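Overview (structure and organization)
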Amino acid sequence: MKKQRYVWGLGWSSLIVLFLFLALYACVKVQKSAMPPATTEYEDPTQIPQPGPPYARANRDPEVVLHDLPRDSKGAVDWVKAFKENKIKPTGSIEPGKPDIDPFDFNVEIKTIGEMPDVVFPHYPHTYWLFCNNCHPRIFIMKKGANPYSMISISEGGESCGRCHGRVAFSLSNCSRCHVKPKE
Ligand code: HEC
Ligand code: HEC
Ligand code: HEC
């Protein structure tokens, strides 16, 4: 009986296919249960990562990472306040073992033309992050009053203070962080 044998044949092969599916399903299930819980494997987007390995497991969500840092009047992170309040402790250099140089506590007044309060340039926060030769003598000659300044060349030309401010340091739109000293 040709027809019946054909039906039997179909029955066996579908049983084998079904068995293979079940075996595959079981494998996936076992593998899944052998995996550690998700929280130790992946970052929790609401938590700051704990220090230590694995180092690649960093939380890159600024809402979380920058959450506890002080802000300036424009709402930007105030990195100067952050280091003064011990909220951050950057290493002195990326070269291991290189000694850290103490910041240089020395202000220079820069009188403005016109009504704007005068500018006070603080060496302290700058030399906390930078070396003297990042500025002297290529950007600023090391002598009070020896450098030409104008707000236009700073903001539009990206010269002098504008080499960093508005690029890697706080924004030029925050006038009162530089123009601090009211005219007498
Ligand atoms: C990173 C520091 C910094 C910031 C931020 C800053 N200024 Fe100045 N500003 C200076 C310096 C330095 C001078 C040069 C002083 C001089 O010779 O007049 C100056 C000069 C000026 C002058 C005098 C005229 C001129 O063109 O030199 C005006 C007006 C002025 N700024 C307005 C502003 C306003 C408005 C803002 C905010 C939108 C601002 N500044 C933000 C550093 C800054
Ligand atoms: C971010 C830039 C920057 C860095 C970094 C910097 N300076 Fe200055 N320095 C200035 C500016 C701006 C002036 C003011 C010049 C002016 O009045 O035009 C100045 C002025 C000076 C003056 C002249 C003071 C005077 O009364 O004539 C000395 C000295 C000086 N700096 C020493 C240093 C030393 C030492 C370091 C490193 C420990 C250093 N600076 C790092 C920007 C910088
Ligand atoms: C070589 C880069 C560089 C140059 C040039 C530079 N700054 Fe800065 N400045 C910084 C950095 C970096 C900080 C600290 C980080 C921040 O506040 O964003 C800073 C911080 C400051 C602060 C500290 C504000 C506070 O709250 O204590 C003032 C004020 C300031 N800069 C003014 C100036 C003025 C005025 C000039 C030009 C005469 C100038 N800077 C030129 C890089 C620079």
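These remarks concern the structure in this document. Being a predicted model, the structure only gives us computed values, none of them experimental. (Residues numbered from 1 in each chain as written. Chains lettered and ligands numbered in written order. Predicted model: local features only at pLDDT ≥ 70, side-chain atom pairs only at ≥ 80, totals over all residues.)

1. Examining the site of ligand 1
What counts, and what does not: A residue counts as near a molecule or strand when its C-beta atom, positioned from the backbone, falls within 6 Å of it. A run of DSSP states H or I qualifies as a helix once it reaches four residues; a run of E qualifies as a strand once it reaches two. Both are numbered from the N-terminal end. Residues were grouped as follows: Ala, Val, Leu, Ile, Met, Phe, Trp, Tyr, Cys and Pro as nonpolar; Asp, Glu, Lys and Arg as charged; and all remaining residues, including Gly, as polar.
Among the 20 residues in the neighbourhood of ligand 1, the closest are listed as Tyr 149, Met 151, His 165, Cys 175 and Cys 178. Of all the elements, helix H6 (residues 151-155) adds the most residues to the shell around ligand 1, at three residues. Class assignment of the residues belonging to the shell around ligand 1 gives a composition of 12 nonpolar, seven polar and one charged.

2. Comments concerning the site of ligand 2
Neighbouring residues of ligand 2: 19 residues in total, closest Phe 104, Cys 132, Cys 135, Lys 144 and Asn 147. Those elements that provide at least two residues to the shell around ligand 2 are strand E1 (107-110) and helix H5 (123-129). The dominant element in the shell around ligand 2, judged by the number of residues it contributes, is H5, at three residues. Partitioned by chemical class, the residues of the shell around ligand 2 number 10 nonpolar, seven polar and two charged.

3. Remarks on the sheet that holds strand E3 (residues 179-181)
We apply this condition: Note on pairing: DSSP must find at least two bridges between two strands before they are called paired. With axes taken as lines fitted to C-alpha atoms, and helix axes fitted only over the stretch in contact, angles between N-to-C directions fall between 0 and 180 degrees.
Taken in spatial order, the three strands of this open sheet run E1-E2-E3, and their pairing is antiparallel. Bordering the open sheet on either side are E1 and E3, each of which pairs with just one other strand. When the angles between neighbouring strand axes are averaged without regard to direction, this sheet yields 55 degrees. With four bridges joining them, E1 and strand E2 (residues 118-122) adopt antiparallel strand pairing. Bridge pairing in E2 links Val 108 to Phe 121.

4. A few points about the environment of Pro 49
Threshold: Buried, partly exposed and exposed are defined by the number of other C-beta atoms within 10 Å of a residue's own C-beta, namely 20 or more, between the two limits, and 12 or fewer respectively, with C-beta atoms placed from the backbone.
Here Pro 49 is to be found in the loop between helix H2 (38-41) and helix H3 (62-65). Since 16 C-beta atoms lie within 10 Å of it, Pro 49 is described here as partly exposed. Remark: the alpha-carbon pair of Pro 49 and Asn 59, spanning 10 residues in sequence, is separated by 6.0 Å.

5. Remarks on the environment of Leu 172
Here is the rule: Any two residues are considered in contact once their C-beta atoms, placed from the backbone, lie within 7 Å.
Among the structural elements, Leu 172 can be located in the loop between H6 and E3. Take Leu 172: there are 18 C-beta atoms within 10 Å of it, and that puts it in the partly exposed class. Between the C-alpha atom of Leu 172 and that of Met 151, which follows or precedes it by 21 residues, the distance is 9.6 Å. Among all residues touching Leu 172, those that are not within four sequence positions of it are Ile 154, Ser 155, Gly 162, His 165 and Gly 166.

6. Some thoughts on unusual backbone geometry
Cis peptide bonds are those with omega within 30 degrees of zero, and the linkage from His 136 to Pro 137 qualifies with -5 degrees. Mapped onto the secondary structure, Pro 137 falls in the loop between H5 and H6. At Asn 86, a position not held by glycine, the phi torsion is positive, near 60 degrees. Looking at where Asn 86 falls in the secondary structure, it is placed in the loop between helix H4 (79-84) and E1.

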